[in-house]
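Report on the structure
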Amino acid sequence: MLHQIIDRRLAGKNKSIANRERFLRRFRGHIQRSVADAVRDRSITDLDKSKSISIPRKDVTEPFFHHGKGGRREAVHPGNSDYLQGDRIQRQNGAGGGDGGSSASNEGEGQDDFTFELTREEFMQYFFEDLELPRLVETNLMTVPNWKNMRAGYSVDGSPTNIDIVRSLRSSLGRRIALGAPLQRQLDDAEAQLVEFKRQPELHRTEIRLLEDDIKLLKARILRIPFIDPFDLRYVNRVRQPQPSSRAVMFCVMDVSGSMDEQRKDLSKRFFILLYLFLTRNYEHIEVVFIRHHTRADEVDENTFFHSQESGGTVVSSALELMHDIITKRYSPSEWNIYGAQASDGDNWNDDSPKCRQILESSILPLTRYFAYIQVAEPEQNLWTEYLQLIDSHPHFAMKKVQSATEIYPVFRELFEKQVHA
């Protein structure tokens, strides 16, 4: 005999949303694996779309109470018209069934996997889970403060949307008790005295008439006490308090020189699209600066950065100099968390690579929280060799290689994985 616990409570407002969130928390592991698989099956530009998730049917079965094996038991099955008590029922053959097999069979049955749709927001939540900007700190900004409404007790006036019902009813109850209690005591005394007088009505006709008038007056006064009065209303009081602001700026530096063929440019664009999705979704106060360079570096808008076909020679230092100039003019390190990400094939004019290392080491890394260099080519070019000298002395500088589209997301996660803080 099975014992099942069924929730018979009426479905309240947004109960389905709570159930869905509970379901997502329960099968987080399955969903994370499916989202990771989606990275390999999709292009970067399609990542922010919804996704169908399949979970094995056996993993979504609900728990239930039942008797253990063994012993004797009797059961009454409603609707049974074929068997009587004492009849023996032949056990069914244990034909194989389930989630498929290597050969066909004329016996057995099974169930398909449970499939449901992740919304765009849910997919992006799992996609960027456990990622963050490294070394992000909060800074007090006097010029552009962030304000947050904080609760600060209660007030006797305010907006109707801020009425505290419990506090208002509590105040109403106290007022009615304070105003009605003396009248109720007088009424009780008058009614008790009226009962005594009515035992000898012929002797107290006048007193009885006066008491009845007093009782009627007292009852009317008690009824005139309002259930709730404007004086009883209490409003939640909120005050604005300045909050520390975590403002950040990300510099996206991409090489578009002639040595960057279409495949390498595509890998760079895919990385920066992924970075752009991550930043704009997870951080409210963040700015993104796009810099493209060949022999000359230019600050461009988002559309030009991802779609322009301009090309030329290679002078990487021009981009780093422009980045440092923008930081100096617009982004004070005392007020901004500054990050940089650079993508290149590593091929640079030989005399320029040492200059790039010098600019990065002396001018940019001291101002930035984190700087990541992505090389979209396997051979270690002169720029990679120069940057490699900075790894040991600058823990907030990282270098990675990406050779195919399938490597972008793992490298991205490695660069921006949440750090365990002691």
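Cut-offs applied
Residues numbered from 1 in each chain as written. Predicted model: local features only at pLDDT ≥ 70, side-chain atom pairs only at ≥ 80, totals over all residues. Heavy atoms only, no water. Patch = residues over 30% accessible without salt bridge, like charges linked within 9 Å, V, L, I, M, F, W, Y side chains within 5 Å. Areas by Shrake-Rupley, 256 points an atom, 1.4 Å probe, with all protein chains shown as cover. Salt bridge = Lys/Arg side-chain N within 4 Å of Asp/Glu carboxyl O. Helix = DSSP H or I, 4+ residues; strand = E, 2+ residues; numbered from the N terminus. Polar contact = N/O pair within 3.5 Å; in protein donor to acceptor, adjacent residues only side chain to side chain. Contact = heavy atoms within 4.5 Å. 1 Å grid on protein atoms, 1.4 Å probe; cavity = no way out; pocket = protein on both sides within 12 Å on 5 of 7 lines; lining within 4 Å. Points joined across faces, edges and corners; volume = space filled by probe spheres on them. Nonpolar A, V, L, I, M, F, W, Y, C, P; charged D, E, K, R; others polar. Expected span 1.5 Å × (residues − 1). Buried < 20%, exposed > 50% of the residue type's maximum accessible area, 1.4 Å probe, protein only. Arc of directions from axis to C-beta. Phe/Tyr/Trp six-rings, centres within 6.5 Å; stacked < 30°, edge-to-face > 60°.

**Quick notes on a nonpolar patch on the surface**
Together, I163, I165, L169, F227 and I228 make up an exposed nonpolar region whose accessible area comes to about 450 Å². Checked against the element boundaries, F227 lands in the loop between α5 (205–223) and β6 (235–243).

**Concerning the side chain of S155**
Along the polypeptide, S155 turns up in strand β5 (residues 146–155). Only 2.7 Å separates the side chain of S155 from the backbone oxygen of D157, close enough to count as a polar contact. If sequence neighbours within four positions are ignored, S155 has contacts with L233, R234, Y235 and N237.

**Topic: empty space enclosed by the protein**
Enumeration over the complete set of coordinates arrives at one cavity of 30 Å³ or more. Taken as a whole, the largest cavity spans an internal volume of roughly 40 Å³. Contributing to the lining of the largest cavity are V256, E262, K265, K269, R292, S308, Q309 and E310. Here the lining of the largest cavity takes three residues from helix α6 (residues 262–282), the largest share from any one element. Here the lining of the largest cavity is composed, by residue class, of one nonpolar, two polar and five charged.

**Considerations on α5**
Compared with the 27 Å implied by 1.5 Å per residue over 19 residues, the 27 Å span of α5 between its first and last C-alpha is a close match. Within α5, burial applies to I208, L211, I215 and L218. The buried side chains of α5 occupy one side of the element, clustering within an arc of 90 degrees when seen end-on. Opposite the buried face of α5, by more than 90 degrees, sit the exposed residues R205 and K216. Residues of α5 that are buried sit in contact with α4 (165–197).

**What about the packing of aromatic side chains?**
Applying the stated criterion to the full structure yields nine aromatic pairs. Ring geometry for F251 versus Y331: centroids 6.0 Å apart, planes at 85 degrees, classification edge-to-face. One end of the pair, F251, is in strand β7 (residues 248–255); the other, Y331, is in the loop between α8 (317–330) and β10 (337–344), and 80 residues separate them in sequence. Just as F251 is buried, Y331 falls in that class too. Plain terms: the ring middles of F290 and F305 are 4.9 Å apart, the flat faces sit at 40 degrees to each other, and that makes the pair tilted.

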